[in-house]
Amino acid sequence: MKTITVFKGDGIGPEITDAVIAILQAAKAPLNYEFFNVGAAEYERNGALIPKEAFTSFERTHVLLKSPITTPIGKGFRSLNVTLRNKYDLYANIRPAKSNDAVPTPFSHIDLVTFRENTEDLYVGVEYKINADTIHAIKIITRQASERIIRAAFEYAVAHGRKRVTCVHKANILKMSDGLFLSIFKEIAREYPQIESDDKIVDNTCMQLVMHPENFDIMVTPNLYGDIISDLTSGLIGGLGLLPSMNIGKDYAMFEAVHGSAPDIAGKHIANPTALLWSACMLLEYLGETQTAFAIRSAVDAVLAEKKYLTPDLGGTATTEQYRNAVIAHV
Ligand code: NAD
């Protein structure tokens, strides 16, 4: 048995976490769980966004299943996600987007993986007020952070038999910062002659992704573009309810859905827990529990194919709990 830390989060977070844990338990995943409430609601209750014991738990287990947290816009505390990624140096944010035959979208056969650099770029959150009408935000790109995310993308390509890695950037405008990222990409690409490599400017990438998604395989990109591009790839496969992610560093790993706390549907019991569930499958695979992950993935595929218990984001009328029960029945 392996113990993992679980953060329940805000909005739809507790609902989808409960569903995912029930499915993991039904699948007899060999896991013990240490649960913590974190986020804006926890702050209002107890004065800490992440209780000390929650950090301590993660520092003991090194593996975290995290549900979304609400971050105030334009004011208030720094994003907890950004805090966690920096505190535990979770430098690689890996977001696989794969079409599922049961979820019709204008696109089919999508099979893309975004490698988003997770620790720097504009997300360092350093902003200066020059005067009431002028704000400067600092974008940081370093060789160290760029090398490790780019190398991670190529290593993944080799390990998973993928064909191509594309560097997504804006080096035509940000000649020094994105220029450094691109030149490091070209250096590292030479070490992997068996993997095709190319680069695209981020705006062109957005257009190409919806015109010719088949031309992409793995994308590696600085933090901000990775955030935007991976939401776009979730749209290609049927929405945010379906896109999982893993955030890994040298010592820690955190698994979470790409979507946020969805306050517009919180408490309505209609949230789709699949993205968090697939993140949990990535967690199981990371721990070497590939058979349990496979059983859960197959159960989800069966439920999606049946189309009887789809949540509203996928065109159905099922509640989160009905969907959960259908997955459990297949597991
Ligand atoms: P969001 O991802 O929460 O929601 C966008 C849209 O997608 C909404 O209409 C929502 O109902 C829908 N949606 C999202 N997840 C869904 C699911 N599982 N099932 C069905 N529908 C789903 O984005 P937002 O509204 O821009 O952000 C809400 C809050 O979440 C903000 O405070 C934001 O900062 C935060 N956020 C947190 C994370 C995270 O914790 N990793 C990520 C993104 C946003």
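Going by an unreviewed UniProt entry, the chain carries the name Isocitrate dehydrogenase and comes from Megasphaera cerevisiae DSM 20462. Its UniProt record gives the chain the following Sequence similarities (unreviewed entry) comment, quoted word for word: "Belongs to the isocitrate and isopropylmalate dehydrogenases family."

## Details of the site of the ligand
With respect to spatial proximity, 21 residues lie near the ligand, and among them Thr-71, Gly-260, Ala-262, Asp-264 and Asn-272 are the closest. A distance of 3.1 Å separates a nitrogen atom of the ligand from a polar side-chain atom of Glu-256. Residue Asn-272 places a main-chain N or O atom 2.8 Å away from a nitrogen atom belonging to the ligand. Relative to its unbound accessible area of 810 Å², the ligand is 70% covered by the protein chains. By residue class, the composition of the shell around the ligand is nine nonpolar, eight polar and four charged.

## Quick look at helix α7 (residues 202–211)
All of the buried residues in α7 are Val-202, Thr-205, Gln-208 and Leu-209. Along α7, the residues classed as buried sweep out an arc of 110 degrees about the axis, all on the same side. Where α7 is buried, its residues touch β5 (111–117), β8 (164–169), β9 (196–201), β10 (218–221) and α8 (223–237).

## What about the packing of α7 against α8?
Relative to each other, α7 and α8 sit at 10 degrees, their axes nearing to 11 Å. Here α7 is positioned roughly parallel relative to α8, judged by the angle of their axes. Contacts between α7 and α8 pair Val-202, Thr-205, Cys-206, Leu-209 and Val-210 from the former with Tyr-225, Ile-229, Leu-232, Thr-233 and Leu-236 from the latter. In terms of residue class, the contact of α7 with α8 is built from eight nonpolar, two polar and no charged.

## What to know about unusual backbone geometry
Most of the time, phi is negative for any residue but glycine, and the peptide bond is trans. Positive phi values are uncommon outside glycine, yet His-62 reaches one of about 65 degrees. Along the chain, His-62 falls in the loop between α3 (52–61) and β3 (63–66). Positive phi outside glycine occurs at His-269, with the angle close to 60 degrees. Within the secondary structure, His-269 sits in the loop between β12 (253–257) and α9 (274–286).

## A look at the environment of Met-254
Tracing the chain through its elements places Met-254 in strand β12. According to the relative accessible area criterion, Met-254 is buried, its value standing at 0%. Not counting the four nearest positions on each side in its chain, Met-254 is found in contact with Leu-64, Lys-66, Leu-84, Arg-85, Leu-90, Ser-245, Met-246 and Asn-247.

## Observations regarding the sheet that holds strand β4 (residues 92–98)
An order of β2-β1-β3-β12-β11-β4-β5-β10-β8-β9 is seen for the 10 strands of this open sheet, with the pairing classed as mixed. At either end of the open sheet lies a strand with only one pairing partner, and these are β2 (31–36) and β9. Averaged over all adjacent pairs, the angle separating strand axes in this sheet is 25 degrees, with direction ignored. Inspection of the sheet shows strand β1 (residues 2–7) paired to β2 by six bridges, in the parallel sense. For Ile-4, the partnering residue across the bridge sits in β2 and is Tyr-33. The strands touched by α9 are β1, β2, β3, β4, β11 (244–248) and β12; relative to β12, the strand with the most contacts, the crossing angle is about 155 degrees.

## Here we look at a nonpolar patch on the surface
The grouping of Met-207, Val-210 and Met-211 at the surface amounts to a nonpolar patch, some 280 Å² of accessible area in total. Position of Met-211 among the secondary structure elements: in helix α7.

## Quick word on the nonpolar core
Formed by 83 residues in total, the largest nonpolar core has its most connected members in Leu-24, Leu-65 and Phe-115. Looking at this core element by element, the count peaks at nine residues for α9. Structurally, this core is a two-domain feature, drawing no fewer than three residues from each of domain 1 (1–93 + 242–331) and domain 2 (106–237). Among residues more than four places away in sequence, those in contact with Leu-65 are Ile-4, Thr-5, Val-6, Phe-7, Val-20, Ile-21, Phe-255, Leu-276, Ala-280 and Leu-283.

## Some words on α3
Turning to α3, its buried residues number three or more, namely Ala-54, Phe-55, Ser-57, Phe-58 and Thr-61. On an axial view of α3, the arc spanned by its buried residues comes to 160 degrees, and they lie on one face. Opposite its buried face, α3 presents the exposed residues Lys-52, Glu-53 and Arg-60, each directed more than 90 degrees away. Where the residues of α3 are buried, they touch β1, β2, β3, α4 (80–87) and β12. The first or second residue beyond α3 is His-62, which carries a positive phi of 65 degrees.

## Regarding the packing of aromatic side chains
Following the criterion strictly, the structure yields 10 aromatic pairs and no others. The ring of Phe-55 carries Lys-87 above its face, with NZ or CZ at 4.9 Å from the centroid. Positioned above the aromatic ring of Tyr-123, the side-chain terminus of Arg-116 is 5.1 Å from the ring centre.

Parameters and conventions
Residues numbered from 1 in each chain as written. Predicted model: local features only at pLDDT ≥ 70, side-chain atom pairs only at ≥ 80, totals over all residues. Heavy atoms only, no water. UniProt positions renumbered as here; feature names shortened; annotations may be inferred. Near = heavy atom within 4 Å. Polar contact = N/O pair within 3.5 Å; in protein donor to acceptor, adjacent residues only side chain to side chain. Areas by Shrake-Rupley, 256 points an atom, 1.4 Å probe, with all protein chains shown as cover. Nonpolar A, V, L, I, M, F, W, Y, C, P; charged D, E, K, R; others polar. Buried < 20%, exposed > 50% of the residue type's maximum accessible area, 1.4 Å probe, protein only. Helix = DSSP H or I, 4+ residues; strand = E, 2+ residues; numbered from the N terminus. Arc of directions from axis to C-beta. Contact = heavy atoms within 4.5 Å. Axes fitted to C-alpha atoms, helices over the stretch in contact; angles between N-to-C directions. Parallel < 35°, antiparallel > 145°, perpendicular 65-115°, else oblique. Pairing = 2+ DSSP bridges. Patch = residues over 30% accessible without salt bridge, like charges linked within 9 Å, V, L, I, M, F, W, Y side chains within 5 Å. Salt bridge = Lys/Arg side-chain N within 4 Å of Asp/Glu carboxyl O. Core = buried A, V, L, I, M, F, W, Y, C linked by side-chain atoms within 4.5 Å. Domains from an automatic or database assignment. Phe/Tyr/Trp six-rings, centres within 6.5 Å; stacked < 30°, edge-to-face > 60°. Lys NZ or Arg CZ within 6 Å of the ring centre and 35° of its normal.

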